[in-house]
Amino acid sequence: DSMAVYRGMDIGTDKPGGSARTRVPHHLVDIVDPDQDFSAGDFKARAKAAIGDVSSRGRLPLVVGGTALYVRSLLYDYPLAKVGSDPDLRASLEEREIREGAGTLHRMLESIDPDSSARLHQNDLRRIIRAIEVHRLTGTTMTRWRESTPPEMSYRALLVGLWRPREEIYRRIDTRVERMFEEGLVDEVRQLLETYPGLGRTASQALGYREVLTYLAGEIDLGYCVELTKANTRKFAKRQLMWFRGEPQLRWVDAAAAPERVSELIGIWSMNLQNSSHCPGGIGGVSSNTASKRQ
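Residues numbered from 1 in each chain as written. Predicted model: local features only at pLDDT ≥ 70, side-chain atom pairs only at ≥ 80, totals over all residues. Heavy atoms only, no water.

## A short note on the overall build of the chain
Just so we agree on the cut-off: For the purposes of this entry, the term helix denotes a DSSP run of H or I that reaches at least four residues, the term strand denotes a run of E that reaches at least two, and both are numbered from the N terminus. Only C-alpha atoms enter the radius of gyration, while the globule expectation follows 2.2 Å times N to the 0.38, with N the number of residues. Here's how the labels work: a residue is buried when its accessible area is under 20% of the maximum for its type, exposed when over 50%, partly exposed in between, all with a 1.4 Å probe on protein chains only. Residues count as neighbours in contact if any of their non-hydrogen atoms are within 4.5 Å of one another.
In terms of helices and strands, the chain carries 13 helices and six strands. Over its C-alpha atoms the chain spans a radius of gyration of 20 Å, differing by no more than 12% from the 19 Å that the globule rule assigns to 295 residues. With the C-alpha coordinates aligned to their principal axes, the bounding extent of the chain is approximately 55 × 50 × 35 Å. Counting every position in the chain, which comprises 295 residues, the buried fraction comes to 45%. For the chain, contacts bridging at least 24 residues in sequence account for 74% of all contacts bridging at least 6.

Below, the structure written as structure tokens:
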């Protein structure tokens, strides 16, 4: 999960509690201070090490979360990763965003690569800058790169998505957001600001946290903050479903089904995968991607 890695960000990320983490060992939880940036590349390196450790002990690693970019970066080797970087270009783009105002780079990307622009939120500067950088360095858009150079799967993995009707997802989002604020999300963010000089770019964009930061800055009132968090989370869930529906190897299962039935299905699919002569090589494993997991 892209945000559970941060220490002190507990309520808004819905981290597994102490009892759950006692019963089942969890990895990549509470490993980074929230004033540090933690990219998909960082996640991939740490997750690959954890998968290797789990597998070396004869166990089957489960990758659970709803951040499609992180899941894909882990499961696939993209030729795009071989494209270098230009620190000077990145710095100049960041300065331009500050100078010309929020949304400047998002509009620039829209004129270059409409598909990537539609997929990324205007506040997701790191990925927007990367998409612009790839185009500047190669003359080819991020979308064209992905379409023309299919990635290779790094692991033998079973991808499972837990499905719910959209209306139910939205209802659960509203309930979840209200509970976050009741449990003290505002105080949690206030404590983070007192502990650290500031939240890093990635952590500050976490759902719930960026809205509370805006509230604490005096730009919106609390009631609007709660409603804005609900609205932004619903938008995220919609984008999340779009990402995973584009994953041809993902198998959907009804999240309302009995756990025993879900387990039975995963067991059958896993056996079929192991017996398939067409499955990719690598460490055997099951990757469980939970659509709208935080809800």
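## Let's talk about the pattern of salt bridges
What counts here: Salt bridges are defined by distance alone: a side-chain nitrogen of Lys or Arg within 4 Å of a carboxyl oxygen of Asp or Glu.
In total, this model carries 20 salt bridges according to the counting rule given. Linking Lys230 and Glu227 is a salt bridge whose minimum nitrogen-to-oxygen distance equals 3.4 Å. Taken together, the residues Lys230 and Glu227, both in helix α12 (residues 222–245) and three residues apart, mark about one turn of the helix. Residue classification places Glu227 among the partly exposed residues on the basis of a relative accessible area of 43%.

## What about unusual backbone geometry?
Even without a glycine there, the phi angle at Asp14 is positive, about 55°. Take Asp14: it is sitting in the segment before α1 (18–23).

## Thoughts on helix α5 (residues 104–112)
Considered for burial, the residues of α5 that qualify are Thr104, Leu105, His106, Met108 and Leu109. Structurally, α5 contributes buried residues whose contacts are with α4 (87–100), α6 (114–119) and α7 (125–138).

## Topic: the packing of α4 against α7
For the record, the criterion: Where helices are involved, their axes are fitted lines through C-alpha atoms of the stretch in contact, as for all axes, and angles between N-to-C directions lie from 0 to 180°. Reported orientations rely on four angle classes, namely roughly parallel under 35 degrees, roughly antiparallel over 145, roughly perpendicular from 65 to 115, and oblique for the rest. Each helix crossing is assigned a hand: it is left-handed if the near helix lies turned anticlockwise from the far helix by less than a right angle, otherwise right-handed if that turn is clockwise. Nonpolar residues are Ala, Val, Leu, Ile, Met, Phe, Trp, Tyr, Cys and Pro. Charged residues are Asp, Glu, Lys and Arg, and all others, Gly as well, are polar.
At a minimum axis separation of 10 Å, α4 and α7 run at an interaxial angle of 130°. Viewed along their axes, α4 and α7 adopt a mutual orientation that is oblique. Note on packing geometry: the crossing formed by α4 with α7 is right-handed. Facing Leu89, Arg90, Leu93, Glu94 and Glu97 of α4, the residues of α7 in contact are Leu125, Ile129, Arg130, Ile132, Glu133 and Arg136. Of the residues belonging to the contact of α4 with α7, the class tally is five nonpolar, no polar and six charged.

## Some words on the packing of helix α9 (residues 166–182) against α12
Here α9 crosses α12 at 140°, and the two axes come no closer than 9 Å. The angle between α9 and α12 falls in the class oblique. Crossing angle aside, the handedness with which α9 passes α12 is right-handed. For the pair α9 and α12, the contacting residues are Arg166, Ile169, Tyr170, Ile173, Asp174, Val177, Glu178 and Phe181 in the first and Leu222, Cys225, Val226, Thr229, Lys230, Thr233, Arg234, Ala237, Lys238, Leu241 and Arg245 in the second.

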